[in-house]
2 protein chains.
Amino acid sequence: MSKLLQSTPRADGFHMPAEWLTHQQTWMVWPERCDNWRLGAKPAQQAFVDVARAIARFEPVTVGVSAAQYEHAATRLAQSRDDSKSHDIRVIELSSNDAWMRDTGPTFVINDLGEVRGIDWMFNAWGGLNGGLYFPWDQDDLVARKVLQIERKARYRADFILEGGAIHVDGEGTLLTTEACLLNPNRNPHLSRQEIEAHLSDYLGIDKVLWLPRGIHEDETDEHIDNVACFIRPGEVLLAWTDDREDPQYGLSSAAFDYLSQQTDARGRPLTIHKLPLPAPMYITEEEADAVDPSEGAQPRLAGQRMAASYINFLICNGGIVMPAFDDPMDNVAAEMIASLMPEREVVQVPGREILLGGGNIHCITQQQPLSR
Amino acid sequence: MSKLLQSTPRADGFHMPAEWLTHQQTWMVWPERCDNWRLGAKPAQQAFVDVARAIARFEPVTVGVSAAQYEHAATRLAQSRDDSKSHDIRVIELSSNDAWMRDTGPTFVINDLGEVRGIDWMFNAWGGLNGGLYFPWDQDDLVARKVLQIERKARYRADFILEGGAIHVDGEGTLLTTEACLLNPNRNPHLSRQEIEAHLSDYLGIDKVLWLPRGIHEDETDEHIDNVACFIRPGEVLLAWTDDREDPQYGLSSAAFDYLSQQTDARGRPLTIHKLPLPAPMYITEEEADAVDPSEGAQPRLAGQRMAASYINFLICNGGIVMPAFDDPMDNVAAEMIASLMPEREVVQVPGREILLGGGNIHCITQQQPLSR
C-alpha cells in the first residue's frame, strides 16, 4: 500500500503549486448518473469526451469509469488515426458517485526536489445531509485514495472537508476562496475562520487566504471559487463580471472586486484584477429537465432554474487553456481576452452546456497532476 | 486510449521474455467469490496477503480488487512499519470474476530496445460452456486490457483463447505447454496443432513448441503447464515428480519425462530434466467443502476431491522464488532443491493450501511485468 503519511505537507516541505506549473497529466471521471445527467448521461459523456480530447492536445489524460461503463467509455475515448499528435487518453476502472474530479480527486503538492504527493480531503458531496447534492458519497470519498495508489504517490488524509474547486493558489503563498463555501456550516462547522486558515496553511503551504464573500449566483457548490475567480499568474486575478446592475450577480462580482482591490497577496503585492465577462443568464429548458431521471437522492433539475454559467471555469494545461463555450456572443470575447492575457497558451473552446446542466464546468471535472522531477 | 495494435508482436520485433528477466512489478487480483473460496474467501484473502508480502520482499506488487472490497483489501495489504525494507504494494480497483491473474492478465512482451507491450488473450474461464469453471467470465476478459491501460502499454488483442498458465518460455525461442490444455476442444477447436503453433510463434516470438502430453492429475485447468513443469534457465526443466507407481500422477510425469528426454530446444540443445518431488496426495476435507457457498455457476468443491498440489507452481521474482508449502515433509526437500538449482535467488515459502482449495497456486495468482528500459 502506497504510504499513508501522518504529518502535513507543509511540515514535510510540500506546497500546492499553481495550476500553470507543468502537468504530468489531467484526471477526469466519466459521468453516468441518470438522475443528474439527462438522457442516460449520453450527451454529457460526449461533452466529457470532447474535453478529454481537447486536453490531450496538450498533455496525457486519465479517465476513471465504473466497471459497468468501462467498455463504452474506452471505445468512445479511443483515439482515431487522426489523433496521432494527441497525447494518450488512459481509461481506468474507478467507481464514483458522480463525475467531479476537481472536488473528489487529490490535491497534489510538490517539494523543492520535485517530489509529488497527494492530499486526500474528506468529501461530503458539497454539504452532506445539510444541503449536499446527493447521497451517498462513499465512492467519491475513495477517489483520491485510488488515484494516489495508481500513481504510487504518498497520501496525506486530511481531517478536513474540502473540495478542490473551493481553492485556487498562486503557487507563491496566496490562496483564493469564498466565505460562502468554506465558512458554510455544512463543511467544517467546528472550525473558526482562523482554524480553517491554519488547516489550509498546513496542507497547502500557503501564507495568506483571500476570502471573496460570494461566488456565482445559484452555484450549487455553495459558490466555489473556481467558477468566479482564479489567478492567471502571481499578482493577477481574473474575475467573472457582469455590467448588468439588474442581475443578482452584479452585487456578488462587485463585492469581490472591491474586496480584491483592497488586498495584497502573500508577498505584499497589490492585485491586478481583470474583469472577464459572463455569458447572458442561462436557464434549464423544459426538455432538458424532463430528460433527467427523477430520484430522491439527487439535486432536482427543474425547468427554468438559472444555471451558474461562467467562463472562469477553465483548465490551464501544458501550453493550453481548455474553456467552455455557451453558444453566446460573449464566447469569443471571453476567449480572446484569455488569449491576450496568457499569450503563451493556445485557447481551445469546448461546448459547456451539457456539463453545466450537471452543475459545473471544465475546471470542475478535471484535476491536474504536476510533473514529478 | 492506449494504443490497440493491429499487427503481431513477432512482426513488430517483440517476444515473451523468460520469467527470470528483471520485473518491474508483479500483478495479482483479490479473491472474493464465496462459491469458490471457503468462509467468505477470508482465509484465501489472508493467503493472498502473505503471497503479496512475500513478493514485495523482492519487487513492487499491484493487487486489483473490486470496489466492494477495496477498503478491506487496502487495509489488509497496508504495510506495517516493520516493512520499511519492503517494496510498495499498490491496491487498485479492478473488477474480475475470480482471482487468477496468471490466466486473465496480459502476457507481456519486450523488444531489443526494452520496450514492453502486452498481449490480451481471449479468455473463456478454462473451457467456456464446455468444461469451463464458472459463468460468466466477462470481467475476467477485461482484466488484461485494464492492466495495460493503467501501465499505458500498447495492447495486442489476440483472436486466440489462451491462459498465461498454459505456457512457459525459456526466452530463447522455446515454449513449453501441454496437449491436454492447448489441444483441448474447449479452447481453440477450429485450429490444428500447427495453426496453434503458428499463433504462439506470432504472438510470443517463439520458434519451437514442446508438448507435454499431460499435466497434474485432477488439475481443473485441463492440466496447465505451470503446475507440472517450468524452465529454470535455458536448457533446464524442472518437472513435478512422484516415485509412487500406484499414484495416477506417476504415468503422467513419466510420459513427460520420456518426452522431454527425447527433445531438443529451439537452439538445438538437449534438455536437462530435474525431478521435483510432489507433496503427498491432498484432499478437500468435509469442513472445507462445507464452507464454500453452493452455486450453480461455479465448480463444485466436494469433500474427498483430490487437489492438484505441486511445488512447481512458484513465481520467480527479482532475486527470489516465492513457492507454496503444504505442511508436508516434502516442503523442505522441494525448497532446498529449488534453492540449490537457483542459488542466486532467495527461496520464500508461503502456505499454499488455501490457494490450492480454490484451484491453483502461487504462479496461477501472479503475473510478472518485465522492466521497461
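Scroll up for the structure.
Computed from a prediction, not measured in an experiment: that's the story for all the values here. (Residues numbered from 1 in each chain as written. Chains lettered and ligands numbered in written order. Predicted model: local features only at pLDDT ≥ 70, side-chain atom pairs only at ≥ 80, totals over all residues. Heavy atoms only, no water.)

Undergrad: Could you give an account of the overall build of chain A, with specific residues and numbers?
TA: Looking only at helices and strands, one finds 10 helices and 19 strands in chain A. Relative to its length of 373 residues, chain A is compact, with a C-alpha radius of gyration of 19 Å against a globular reference of 21 Å. Overall, chain A is about 55 × 50 × 45 Å in size when its C-alpha atoms are taken along their principal axes. By residue count, 64% of the 373 residues in chain A fall in the buried class. In chain A, 78% of the contacts between residues at least 6 apart in sequence involve partners at least 24 apart. Accessible surface, chain A: about 13,700 Å² in total, of which carbon and sulfur atoms supply 49%. (Helix = DSSP H or I, 4+ residues; strand = E, 2+ residues; numbered from the N terminus. Rg over C-alpha atoms; globule rule 2.2 N^0.38 Å. Buried < 20%, exposed > 50% of the residue type's maximum accessible area, 1.4 Å probe, protein only. Contact = heavy atoms within 4.5 Å. Areas by Shrake-Rupley, 256 points an atom, 1.4 Å probe, with all protein chains shown as cover.)

Undergrad: Please provide a residue-by-residue account of the state of the cysteines, values included.
TA: Counted by the stated rule, this structure contains zero disulfides over all chains. With no disulfide of its own, B:Cys317 lies closest to B:Cys230 among cysteine sulfurs, the gap being 13 Å. (Disulfide = S-S within 2.5 Å.)

Undergrad: An account of the interface of chain A and chain B is requested, with residue identities and associated values reported.
TA: At the interface, 31 residues of chain A touch 31 residues of chain B. Across the chain A to chain B interface the summed buried area is about 2,400 Å²; carbon plus sulfur atoms make up 45%. Applying the counting criterion to the chain A and chain B interface returns four salt bridges. At the level of elements, strand S3 (61-65), helix H2 (70-77), strand S4 (89-93) and helix H4 (140-150) of chain A are the ones that each hand at least two residues to the side of chain A that touches chain B. Partitioned by chemical class, the residues of the side of chain A that touches chain B number 14 nonpolar, nine polar and eight charged. (Buried area = accessible area lost by both parts, 1.4 Å probe. Salt bridge = Lys/Arg side-chain N within 4 Å of Asp/Glu carboxyl O. Nonpolar A, V, L, I, M, F, W, Y, C, P; charged D, E, K, R; others polar.)

Undergrad: Break down the packing of aromatic side chains for me, with residues and values.
TA: Residues and elements named next belong to chain A. Tallied over the full model, the rule gives 20 aromatic pairs over all chains. Arranged with centres 5.8 Å apart and planes meeting at 85°, the rings of Phe135 and Trp137 form a pair that is edge-to-face. A connected cluster of aromatic rings, assembled from ring pairs, spans Trp37, Phe48 and Trp100. Its end group placed over the ring of Phe257, Lys275 keeps NZ or CZ at 4.5 Å from the ring centre. (Phe/Tyr/Trp six-rings, centres within 6.5 Å; stacked < 30°, edge-to-face > 60°. Lys NZ or Arg CZ within 6 Å of the ring centre and 35° of its normal.)

Undergrad: Outline the packing of H4(A) against helix H2 (residues 70-77) of chain B, supporting the account with residue identities and numerical values.
TA: Between H4(A) and H2(B), the shortest axis-to-axis distance is 12 Å and the interhelical angle comes to 50°. With respect to each other, H4(A) and H2(B) are oriented oblique. The interaxial crossing formed by H4(A) with H2(B) has left-handed handedness. Between H4(A) and H2(B), the residues in contact are A:Leu142, A:Arg145, A:Lys146 and A:Gln149 and B:Tyr70, B:Glu71, B:Ala74 and B:Thr75, respectively. In terms of residue class, the contact of H4(A) with H2(B) is built from three nonpolar, two polar and three charged. (Axes fitted to C-alpha atoms, helices over the stretch in contact; angles between N-to-C directions. Parallel < 35°, antiparallel > 145°, perpendicular 65-115°, else oblique. Left-handed = near helix turned anticlockwise from the far one by under 90°.)

Undergrad: Quick one: what's the story with the relation of the copies chain A and chain B, residue by residue and with numbers?
TA: Of the transformation superimposing chain A on chain B, the axial component is 0.0 Å and the angular component is 180°, with the fit at an RMSD of 0.0 Å. Taken together, these values place the two copies in the relation of a two-fold axis. Proximity to the rotation axis, assessed at the C-alpha, singles out A:Glu93 in chain A; its C-alpha lies 3.1 Å from the axis. Take the interface residues of chain A: 100% of them recur as interface residues in chain B, which is what a same-surface contact looks like. (Least-squares fit on C-alpha atoms with pLDDT ≥ 70 in both.)

Undergrad: Account for the sheet that holds strand S19 (residues 367-370) of chain B, naming residues and giving values.
TA: All names here are of chain B. With respect to topology, four strands assemble into an open sheet ordered S4-S3-S2-S19, the strand pairing being mixed. Looking at the sheet topology across the chains shown, the edges are occupied by strand S4 (89-93) and S19. Mean inter-strand twist for the sheet, computed between neighbouring axes without regard to direction, equals 25°. Sheet analysis places strand S3 (residues 61-65) next to S4, joined by five bridges and oriented parallel. (Pairing = 2+ DSSP bridges.)

Undergrad: I'd love a proper account of helix H6 (residues 193-204) of chain B, names of residues and values included.
TA: Residues and elements named next belong to chain B. In this model, H6 (12 residues) spans 16 Å end to end at C-alpha, consistent with the 16 Å of a helix rising 1.5 Å per residue. Residues of H6 that are buried include every one of Ile196, Leu200, Ser201, Tyr203 and Leu204, and no others. The inward-facing, buried residues of H6 abut strand S5 (107-110), strand S6 (116-122), strand S7 (155-161), strand S9 (174-178), helix H5 (179-182) and strand S10 (208-212). The first or second residue beyond H6 is Gly205, which carries a positive phi of 70°. (Expected span 1.5 Å × (residues − 1).)

Undergrad: Lay out the environment of A:Leu148 with the relevant residues and their values.
TA: All names here are of chain A. Mapped onto the elements, Leu148 comes out in helix H4. Leu148 gets classed as buried once you look at its relative accessible area, which sits at 1%. Between the alpha carbons of Leu148 and Thr75 there is a distance of 25 Å; along the sequence they are 73 residues apart.

Undergrad: Lay out the pattern of salt bridges in plain terms, naming residues and giving numbers.
TA: Taken as a whole and assessed by the stated rule, the structure comprises 48 salt bridges over all chains. Residue A:Arg187 is joined to A:Asp222 by a salt bridge in which the shortest nitrogen-to-oxygen separation is 2.5 Å. One end of the pair, A:Arg187, is in the loop between helix H5 (179-182) and helix H6 (193-204); the other, A:Asp222, is in the loop between strand S10 (208-212) and strand S11 (229-233), with 35 residues separating them in the sequence. We note a salt bridge from B:Arg38 to B:Glu354, for which the minimum N-O separation is 2.5 Å. Of the two residues, B:Arg38 is situated in the loop between strand S2 (23-29) and helix H1 (42-56) and B:Glu354 in helix H10 (residues 353-357); the sequence distance between them amounts to 316 residues. The residues B:Arg38 and B:Glu354 share a single accessibility class, namely buried.

Undergrad: Describe the side chain of B:Thr174, listing the residues and the values that go with them.
TA: All names here are of chain B. Here Thr174 lies in strand S9. Its relative accessible area of 0% is what places Thr174 among the buried residues. Among the polar contacts listed, one links the side chain of Thr174 to the side chain of Asp170, at a separation of 2.8 Å. A distance of 2.9 Å separates a polar side-chain atom of Thr174 from the backbone nitrogen of Ala266. Each residue touching Thr174, except ones within four places of it in the same chain, is listed here: His168, Val169, Ile206, Lys208, Leu210, Phe231, Asp265 and Ala266. (Polar contact = N/O pair within 3.5 Å; in protein donor to acceptor, adjacent residues only side chain to side chain.)

Undergrad: Give me unusual backbone geometry: which residues, what numbers.
TA: All names here are of chain A. Note that the residue after Phe135, namely Pro136, is joined by a cis bond; omega there is -5°. Assignment of secondary structure puts Pro136 in the loop between strand S6 (116-122) and H4. One non-glycine residue with positive phi stands out, namely Ala41, at about 70°. Within the fold, Ala41 resides in the loop between strand S2 (23-29) and helix H1 (42-56).

Undergrad: Please provide a residue-by-residue account of the pairing of S2(A), values included.
TA: All names here are of chain A. With six of its seven residues buried, S2 lies for the most part within the structure. Of the pairings in the sheet, the one linking S2 to strand S19 (residues 367-370) comprises four bridges and is antiparallel in character. Each bridged residue has a counterpart across the sheet, and for Thr26 the counterpart in S19 is Gln368. Inspection of the sheet shows S2 paired to S3 by four bridges, in the parallel sense. Considered in S3, the bridge of Met28 is made with Val63.

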